[in-house]
Amino acid sequence: MEVIISTTQLLTTDGIPLKQSLKKAERKNKIRAFLLVFPLLLFIFVTFVMPIGDMLLRSVDDAQINTVFPKTFEEFNKWDREKDKLPPEVVYRTLFEELATGEKIQIGRALTRMNYSKSGWKSLIKKTSREIKKMTRKGMVPESYKETLIEINKDWGDPTFWYSMSQMVNKQTPIYYWNAIDRTYDQDQNVIMQDEKRRIYVQTWFKTLKVSVYVTFFCLILGFPVAHLLANLPLRYSNLLMIFVLLPFWTSLLVRTTAWIVMLQQKGVINGVLVWLGVLSDDGRLQMVYNETGTLIAMTQILLPFMILPLYSVMKVIPKSHMRAAQNLGAKPALAFWKVYLPQTIPGMSAGGLLVFVLAIGYFITPELVGGKDGKLIGSWIAFHLKTTLNWGLCAALGAILLAVMLVFYWLYNKIVGIDNIKLG
Amino acid sequence: MALPSYASPVQKTYYYLYLFFCGVVFFFLVAPLIAIVPISFSVSPFMVFTDGMLAWPPDPEAWSFRWYRNMIGDCSADVVSSTVPCSNKWMIGTVNSFFIGIIATVIATALGTLAALGLSRPHMPFKGLIMAVLISPMIVPLIITAAGMFFFYARINLVYTFTGVILAHVALATPFVVITVTATLVGFDMNMVKAAQSLGARPVKTFFRVIMPLILPGIISGALFAFITSFDEVVIVMFMASLDQLTIPKQMWAGIRQEISPVILCMATCLVALSIFLLTTVELLRRRSERLRGIKPR
């Protein structure tokens, strides 16, 4: 029998080069694997990624007002402020016409937007609209639109109103982002600080950071020894004690928050015990809830499992012989711990720390319920603008900034721990 | 971890301090959850331990099922109190929560398991990136997700509908399924799939007869995670659900906000019981799964 060894190409039985055939098979496998993931990927894209993208677009979106006053804005852009103190007659005329013909709901929405740039716009336009409606009903056509409008309301002769309009003529605006850090525009389009009493966000951002850092720190302090104990006990004990960590993890957030209100309130369990022990007098009960203390205590307890679990899984695999070896070589237990054990737990500490920090920074339910007035974090303001003021631009901008902060930490987490290393329970 | 026999008194002190500290932390973790249980059986309309409850010998007058009866919508004369409203809202909420939770779980489990199977294949392209996208609903703060979904679903008329809430919950729950099932598939012997296929089984049959029985514990754990995610979810529900989609968390939120009443604690006690049940199930499943895959407990 003759054996043919081709030195150039290996062929399959079909006569196709083996390399090509293998490539084809691999591509088929790739497509198959991808097809399995595709439904979920599509689902997440439509139900989750697109909404987030929509929110990001909304944070810079200023198109609505441009559909209400398109001609006015066009003419407004031609106004030379150096030359004329007030816009030319044609701006007044187009505004007059667009107010007369515009849909009421659309104008109403635009007014809300205009008021973000300068308060007073809403009432000014509302009054003017009413007068214009009266005039058109009577069939009156003004000789000079400028004078008629100024006659209706002298604010139309106030250039500062017109200056503020220049913030609205673009279809995109960064104003919500500036608002989200307590800045606004002055009449010459310069970025300035908000009025003293309207400065709330910078302070809230810092408070959110501060609370998150504190909570992370407390979780680390409380979680480290517990994780160490769990990792070093015999399995039958540690499994039992693990329930103490996993039970809060599985229990509804609202239940845990309610439980903390019950514990911390003035007539609550902790105050009751302290009074009974005689540590506090009956009217000297501590105020521990509906303030920042309450937020810190409740959030620490709620997020503690997220610190303990990653720490535990790292400590579990540190060989016990390391500490013994260090002590054998003459290190005191404290030094051995500091030089040998602690450095090996850094991956666990960073994983747990980042996880807790990232979760804390976006927390909303617990601070809202136990935080009271001064415990509110940035999440509460996002909810407030979403549900109450309907200032969705600002809501979206606050959300986008928070998201950006999150993504930085998410990226860090991925670098240090790896997304696919997340474990549950 | 016991103390060695040669430990010095200082070391002993540190060791007992350390144990004491751990004990305090364990207490801190579970005490609030335990404290609410007795209060839910109180007669008083306030969320406190009354004197009667603390009295010794126990005063049967101080204890009752009053608020549990209120919770299930029994508004008889001995149940109602001037400060605590009585309605069947809790029961409506329970039905809705289970309805939304179960449908969301089924969809999330199906999609998540498929994706996990794909992700575990060695040929998966862009694995890291896809995983990051799939996990992101779990990482992005809920309030941002809620805001984004509210804007977007409002455009397509899905806010204040069951469909909208369920879709949102599925998106939030799938990462848990993906993570749990992927973890189960680690160490899964792919030769078994090859064996099944070489014996003539088609892919669907291979999945149901070979793969699924082996990874079932993981799938069930993932489903339970998905269920509890949907069942406990309050932020999305707060913005995207109307009164028609009242769920337990939404009703609890309203309850804590407006009328602090022991009825909330009754529901909370039930939820703690539910979480103990789920926790035990998942833990048993995890051990079973490790046994099936031949991984020895560490």
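Residues numbered from 1 in each chain as written. Chains lettered and ligands numbered in written order. Predicted model: local features only at pLDDT ≥ 70, side-chain atom pairs only at ≥ 80, totals over all residues.

So, on to the overall build of chain A. Scanning chain A from N- to C-terminus turns up 19 helices and 2 strands. Taken over the C-alpha atoms alone, chain A extends approximately 100 × 100 × 40 Å along its principal axes. Within chain A, the fraction of its 425 residues that count as buried is 38%. Taking contacts inside chain A between residues at least 6 apart in sequence as the whole, the part at least 24 apart equals 68%. (Helix = DSSP H or I, 4+ residues; strand = E, 2+ residues; numbered from the N terminus. Buried ≥ 20, exposed ≤ 12 C-beta atoms within 10 Å, placed from the backbone. Contact = placed C-beta atoms within 7 Å.)

Along the backbone of chain B there are 12 helices and 0 strands. Secondary structure elements of chain B, listed N to C terminal, follow the sequence α-α-α-α-α-α-α-α-α-α-α-α. The C-alpha atoms of chain B give a radius of gyration of 24 Å, which is well past the 19 Å a tight globule of 298 residues would have. Expressed as lengths along the three principal axes of its C-alpha atoms, the size of chain B is roughly 70 × 70 × 35 Å. Counting the 298 residues in chain B, one finds 45% classified as buried. (Rg over C-alpha atoms; globule rule 2.2 N^0.38 Å.)

This part covers the packing of helix H11 (residues 248-257) of chain B against helix H12 (residues 262-292) of chain B. All names here are of chain B. Running from N to C, H11 and H12 point in directions that differ by 150°, and their axes come no closer than 10 Å. Considering the relative orientation of H11 and H12, their crossing is left-handed. Mapping the contact onto sequence places Ile248, Met252, Gly255 and Ile256 in H11 and Val263, Ile264 and Met267 in H12. Per-class residue counts for the contact of H11 with H12 are 6 nonpolar, 1 polar and no charged. (Axes fitted to C-alpha atoms, helices over the stretch in contact; angles between N-to-C directions. Left-handed = near helix turned anticlockwise from the far one by under 90°. Nonpolar A, V, L, I, M, F, W, Y, C, P; charged D, E, K, R; others polar.)

A separate point is the interface of chain B and chain A. Listed as interface residues are 79 residues of chain B and, on the opposing side, 79 residues of chain A. The element best represented in the side of chain B that touches chain A is helix H1 (residues 9-40) of chain B, accounting for 14 residues.

Ranked by size, the top nonpolar core spans 174 residues in total, and within it Leu303(A) and Ala147(B) carry the most contacts. A per-element tally of this core places helix H7 (residues 162-185) of chain B first, with 15 residues. With sequence-adjacent residues up to four places away left out, Leu303(A) is seen in contact with Val215(A), Cys219(A), Val356(A), Leu359(A) and Ala360(A). In this structure, Ile65(A), Ala110(A), Leu124(A) and Ile152(A) belong to the second largest nonpolar core, which totals 22 residues. (Core = buried A, V, L, I, M, F, W, Y, C linked by C-beta atoms within 7 Å.)

Here we come to the domain arrangement of chain A. Here chain A is described as being made up of domain 1 (13-53), domain 2 (63-171) and domain 3 (201-421). For domain 1 of chain A versus domain 2 of chain A, the distance between C-alpha centres works out to 56 Å. (Domains from an automatic or database assignment.)

Okay, the domain arrangement of chain B next. By a widely used convention, the size of an interface equals the accessible area lost when the partners come together. All names here are of chain B. Examined at the domain level, chain B breaks down into domain 1 (9-71) and domain 2 (89-292). Look at where the C-alpha atoms of domain 1 and domain 2 centre, and you get two points 32 Å apart. Each partner contributes to the interface: domain 1 provides 12 residues, whereas domain 2 provides 11 residues. Listed by contribution, the elements that provide at least two residues to the side of domain 1 that touches domain 2 are H1 and helix H3 (66-71). In terms of residue class, the side of domain 1 that touches domain 2 is built from 9 nonpolar, 3 polar and no charged.

Within the chain, Asp182(A) stands out as a residue other than glycine whose phi angle is a positive 65°. The residue Asp182(A) is located in the loop between helix H9 (175-180) and strand S1 (183-185) in this model. Positive phi, close to 60°, is recorded for Tyr160(B), a residue that is not glycine. Note that Tyr160(B) resides in the loop between helix H6 (142-155) and H7.

Moving on, we get to helix H5 (residues 127-139) of chain B. The terminal C-alpha atoms of H5(B), which comprises 13 residues, lie 18 Å apart, in line with the 18 Å expected from a rise of 1.5 Å per residue. Where H5(B) bends most, at Val133(B), the angle is about 30°, and the proline Pro137(B) comes one to four residues later. Of the residues making up H5(B), those classed as buried are Ile130(B), Met131(B), Leu134(B), Ile135(B), Ser136(B), Pro137(B) and Ile139(B). Those residues of H5(B) that are buried are in contact with helix H1 (18-60), helix H16 (333-361) and helix H19 (392-416) of chain A together with helix H4 (89-119), H6 and H7 of chain B. (Expected span 1.5 Å × (residues − 1). Bend = angle between axes of the 7 residues up to and from the residue.)

To continue, consider the confidence of the model for chain B. All names here are of chain B. Looking at chain B as a whole, the pLDDT averages 87, with 97% of positions reaching at least 70. Within chain B, helix H2 (residues 51-54) has the poorest average pLDDT of any element, 76, and H4 the best, 94. For this predicted complex, the interface score ipTM comes out at 0.88, alongside a pTM of 0.87. (pLDDT = per-residue confidence, 0-100.)

A word on the environment of Val193(B). All names here are of chain B. Topologically, Val193 is positioned in helix H8 (residues 191-198). We classify Val193 as partly exposed; it has 16 C-beta atoms within 10 Å. Along the backbone, Val193 and Val210 are 17 residues apart, and their C-alpha atoms lie at a distance of 7.1 Å. For Val193, the contacting residues outside a window of four places in its chain are Thr206, Val210 and Ile211.

Where H1(A) meets H7(B), the axes come as close as 10 Å, and the angle between the chain directions of the two elements is 125°. By the angle between their axes, H1(A) is oblique relative to H7(B). Viewed along their axes, H1(A) and H7(B) form a crossing whose handedness is left-handed. Judged by residue contacts, Leu40(A), Ile44(A), Thr47(A) and Phe48(A) of H1(A) engage Leu167(B), Ala168(B), Ala171(B) and Thr174(B) from H7(B). Looking at the contact of H1(A) with H7(B) residue by residue, the classes come out as 6 nonpolar, 2 polar and no charged. (Parallel < 35°, antiparallel > 145°, perpendicular 65-115°, else oblique.)

The end-to-end C-alpha distance of H16(A), which contains 29 residues, comes to just 37 Å, noticeably less than the 42 Å that a straight helix rising 1.5 Å per residue would cover. A maximum bend of about 45° is found in H16(A) at Leu342(A), where proline Pro343(A) lies one to four positions downstream.

Position of Leu407(A) among the secondary structure elements: in helix H19. Leu407(A) sits 49 residues away from Val358(A) along the chain, and the two C-alpha atoms are 9.2 Å apart.

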